[in-house]
Amino acid sequence: MKRRNFVLLASAGVVAVSIPAVNYFFYGIPDYDKKLSIPQLLSLIWDEEKILSIGAKYSETFAEENSERDLARALFADPLNQSYDKLEEMTQADFDEGRMVIIDGWVLSKTEARQCALHHLQNQKA
Amino acid sequence: MHVDARKLPANSIIEGDICIIGTGPAGLSMAMDWMNTPYNVMLLESGGFEYDDKVQDMLAGESTGQRYFPLRSTRLSQFGGTSGHWAGMCSPFDDIDFEKRDWVPDSEWPITRKELEPYYERAHQPLKLGPYKYDLPYWQTQAPNLNPFPLDEKVIWNKIWQLSNVAGWKGGFMPAYKDSIVNAKNIHLHTYATVVAIAANESVNSIQELVIKNSTNNTHKVRAKHFVLATGAIQNARMLLAANEQAKKGLGNDNDLVGRYFMEHLEVDTAEMWLLKPFPTDLNTFNQKLMFWNELAIRKEVQREEKILNGTCGLAPTAYARNKTPVIDTWQNEDPRKSLDNFFNSWHEAEEKAKTLSQGAITRAFTFQTRMEQSPNPDSRVTLSEKKDALGVPLANLNWALTPLDKRSLRRINQIIAKEVGKAGIARIKLHDFLVDENDDSFPKSTNAGWHHMGTTRMGTTPKEGVVDIHCQVHGINNLHVAGSGCYVTAGAPNPTLTLVAFALRLSDRIKERMKLNS
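A brief look at the structure comes next. Small disclaimer: the values here were computed from a predicted structure and weren't measured. (Residues numbered from 1 in each chain as written. Chains lettered and ligands numbered in written order. Predicted model: local features only at pLDDT ≥ 70, side-chain atom pairs only at ≥ 80, totals over all residues. Heavy atoms only, no water.)

## Re helix H14 (residues 497-518) of chain B
Point 1. Look at H14(B): 31 Å from first C-alpha to last across 22 residues, which is about the 32 Å you get at 1.5 Å a residue.
Point 2. Across the 22 residues of H14(B), 17 count as buried, placing the element largely inside the fold. (Helix = DSSP H or I, 4+ residues; strand = E, 2+ residues; numbered from the N terminus. Expected span 1.5 Å × (residues − 1). Buried < 20%, exposed > 50% of the residue type's maximum accessible area, 1.4 Å probe, protein only.)

## Description of the packing of aromatic side chains
Point 1. Taken as a whole and judged by the stated rule, the model has 27 aromatic pairs over all chains.
Point 2. Cluster of aromatic residues (ring-pair linked, three or more members): Tyr68(B), Phe69(B), Phe262(B), Trp331(B), Phe343(B), Phe344(B), Trp347(B), Trp400(B) and Trp451(B).
Point 3. The side chain of Lys34(A) reaches across the aromatic face of Tyr32(A), ending 4.4 Å from its centre.
Point 4. One residue, Arg6(B), lies across the ring of Tyr192(B), its end atom 3.6 Å from the ring centre. (Phe/Tyr/Trp six-rings, centres within 6.5 Å; stacked < 30°, edge-to-face > 60°. Lys NZ or Arg CZ within 6 Å of the ring centre and 35° of its normal.)

## Points about the interface of chain A and chain B
Bring the parts together and some accessible area is lost; that lost area is often taken as the interface size.
Point 1. If you look at the interface, chain A gives 17 residues, while chain B gives 16 residues.
Point 2. Both faces combined, the contact of chain A with chain B buries some 1500 Å², and carbon together with sulfur accounts for 67% of it.
Point 3. Three residues stand out in chain A for area buried against chain B, namely Ile45(A), Phe95(A) and Trp106(A), and they jointly supply 36% of the buried area on that side.
Point 4. At the junction of chain A with chain B, the criterion picks out one salt bridge.
Point 5. Between Arg428(B) and Glu112(A) there is a salt bridge, and its shortest N-O distance comes to 2.7 Å.
Point 6. Connecting chain A to chain B are six residue pairs in polar contact (both at pLDDT 80 or more).
Point 7. With four residues, helix H4 (residues 84-97) of chain A is the largest single contributor of residues to the side of chain A that touches chain B.
Point 8. Across the side of chain A that touches chain B, the residue classes tally to 10 nonpolar, four polar and three charged.
Point 9. In the sheet, strand S2 (residues 106-109) of chain A pairs with strand S19 (residues 427-431) of chain B via two bridges, with the strands oriented antiparallel. Counterpart to Val107(A) in the pairing with S19(B) is Ile429(B). (Contact = heavy atoms within 4.5 Å. Buried area = accessible area lost by both parts, 1.4 Å probe. Salt bridge = Lys/Arg side-chain N within 4 Å of Asp/Glu carboxyl O. Polar contact = N/O pair within 3.5 Å; in protein donor to acceptor, adjacent residues only side chain to side chain. Nonpolar A, V, L, I, M, F, W, Y, C, P; charged D, E, K, R; others polar. Pairing = 2+ DSSP bridges.)

## Comments concerning the sheet that holds strand S7 (residues 156-163) of chain B
Sheets are built from strands that pair by backbone hydrogen bonding, the pairs being arranged parallel or antiparallel.
Point 1. Spatial ordering of the open sheet is given by S1(A)-S2(A)-S19(B)-S13(B)-S16(B)-S15(B)-S14(B)-S7(B)-S6(B), a layout of nine strands whose pairing is antiparallel. Among the strands making up the open sheet, the edge pair consists of strand S1 (100-103) of chain A together with strand S6 (89-90) of chain B.
Point 2. The pairing of S7(B) with strand S14 (residues 292-298) of chain B spans seven bridges and is classified as antiparallel. By the bridge assignment, Lys159(B) is partnered in S14(B) with Glu295(B).
Point 3. Sheet strands in contact with H4(A) are S1 and S2 of chain A together with S19 of chain B, and its direction is about 115° off that of S2(A).
Point 4. Contacts from helix H13 (residues 404-424) of chain B reach S1 and S2 of chain A together with S7, strand S13 (265-275), S14, strand S15 (311-317), strand S16 (365-373) and S19 of chain B within the one sheet, and its direction differs from that of S16(B) by about 140°. (Axes fitted to C-alpha atoms, helices over the stretch in contact; angles between N-to-C directions.)

Now the structure itself:
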């Protein structure tokens with residue numbers, strides 16, 4: 001590998017490692033895969049517009065969670081266990097244990113409603 | 001035999017052993033139970049064999065309170081009664097419907113479900129139903145693919161209905177029973193025989209005769225050993241209240257109970273269930289071959305825990321339901337025939353519009369029509385109007401009144417199912433707007449009911465608790481009885497006809513026993 005390429009690659013690696021680190025240490029946002037903010041089960045019945053709209057309404061209703069940090073912490077508490085399977089497991093547990101919210105009439109698990117809200121915030125940032 | 005009372009000479013006296021007033025499902029089921037007995041049955045019907053606008057006028061009335069259908073068009077005054085526009089849905093009440101429920105005021109029946117059991121089975125005969133089977137496993141042996149949703153059976157169960165072969169869309173009771181009634185030697189059917197007065201003895205503890213009248217203005221008297229009011233919950237109450245010459249408050253009304261506790265079934269679109277994936281099943285839709293229907297019901301243990309009323313959710317494709325005008329809006333014409341036309345037109349329009357929504361997730365969406373009892377409420381009542389019908393009898397007024405318990409129960413039933421389908425991972429549910437605000441006890445104007453009139457002559461052990469006793473005899477009047485859903489203490493979740501016919505047959509047995517003892 002040429003030295004120039006190596007430096008570029010190494011720099012990109014440093015940035016890639018350092019952004020989550022900065023996010024975590026300065027903003028308290030845990031590292032997570034942004035794709036995981038799309039609730040898989042709900043996307044079987046809703047389009048993205050609907051997910052964003054429910055997310056916005058969740059953020060309005062639960063103003064105390066209206067930040068990427070709070071939502072990501074709630075959804076991705078375990079940095080080593082982040083996956084759709086884990087989120088579906090959390091969703092299932094919400095329904096089993098009665099952790100539901102009603103947003104715009106939809107009876108949702110707290111987890112999937114938070115995913116919608118996180119997706120909405122990401123979309124706003126973008 | 002059949003007599004057109006318009007052709008009787010003035011002041012005729014008609015005599016028999018038992019007089020049944022009304023030829024709807026209760027009256028006709030009773031009359032047929034007396035066929036080929038040694039007793040003469042006088043069977044009175046206000047109308048004839050065809051719809052008659054002038055007779056139907058006598059069912060008119062005004063409504064206050066929760067918006068309701070025109071009283072004139074929710075019933076039919078002709079042979080066969082309201083079976084002429086009956087959907088034919090039959091299912092027995094549940095055990096809990098008869099049990100004491102502390103959270104439902106005035107809900108305790110003086111009899112148990114078990115006492116009614118043999119009559120339920122007998123009621124299948126006049127209603128032309130299939131085998132007396134209401135459990136899903138039985139029906140699963142009759143047809144493949146009756147797969148229920150994989151829901152927690154401790155919370156949700158599938159309640160079964162059978163569809164009657166004498167429902168309105170098959171012509172009702174008239175084509176099924178006209179000939180056999182007319183040809184029965186001991187049944188004396190009098191059409192155009194409207195009861196305008198009920199005369200008791202001096203101490204008002206026994207009925208001596210009825211006065212009947214029709215458009216000829218001739219009056220006639222009907223005498224019998226026993227009299228059975230079987231004209232529907234509104235008319236029965238109206239007749240008792242209007243019989244106020246000898247009893248100032250009306251017959252059987254010493255304790256101001258006649259007309260009170262009017263109940264309906266709420267039949268309301270309440271939520272949409274969006275299946276995450278297709279779920280192949282032949283359940284949850286009307287099975288025309290088996291004449292069978294099912295709805296999602298809440299276990300009684302859950303009802304107790306949640307302190308809610310009994311109710312079930314039937315499913316209709318959302319693409320259709322979203323385009324359907326609420327029945328209460330389509331059924332506002334005073335003429336039942338026009339209302340029926342409007343109803344079917346709206347149905348067909350919704351079907352056509354639904355065809356444009358044949359793609360995407362909405363094809364897996366179903367709207368819940370929640371069918372629920374209302375809480376017994378003394379302020380929900382039938383009273384007499386100052387206006388009178390053509391024969392001089394005061395018309396009925398209805399004040400239909402719902403309670404916060406009704407609203408909370410409707411909401412919780414849907415929330416409970418929403419949790420269960422979430423637990424099962426099969427669907428998500430969207431509540432309709434009027435159910436979202438937990439502090440809102442009101443019901444929208446579009447709230448539908450089932451034309452199920454119940455509770456105006458409720459059953460009670462003592463006269464202070466009910467108008468009729470446990471045998472459906474009016475308290476204090478030894479030969480006056482009420483057949484029909486007016487005797488219900490609570491409304492149960494399912495449609496009332498099977499249960500009211502069961503009660504009518506039970507009353508029939510009771511009167512036969514008394515006739516035997518007296519002879």
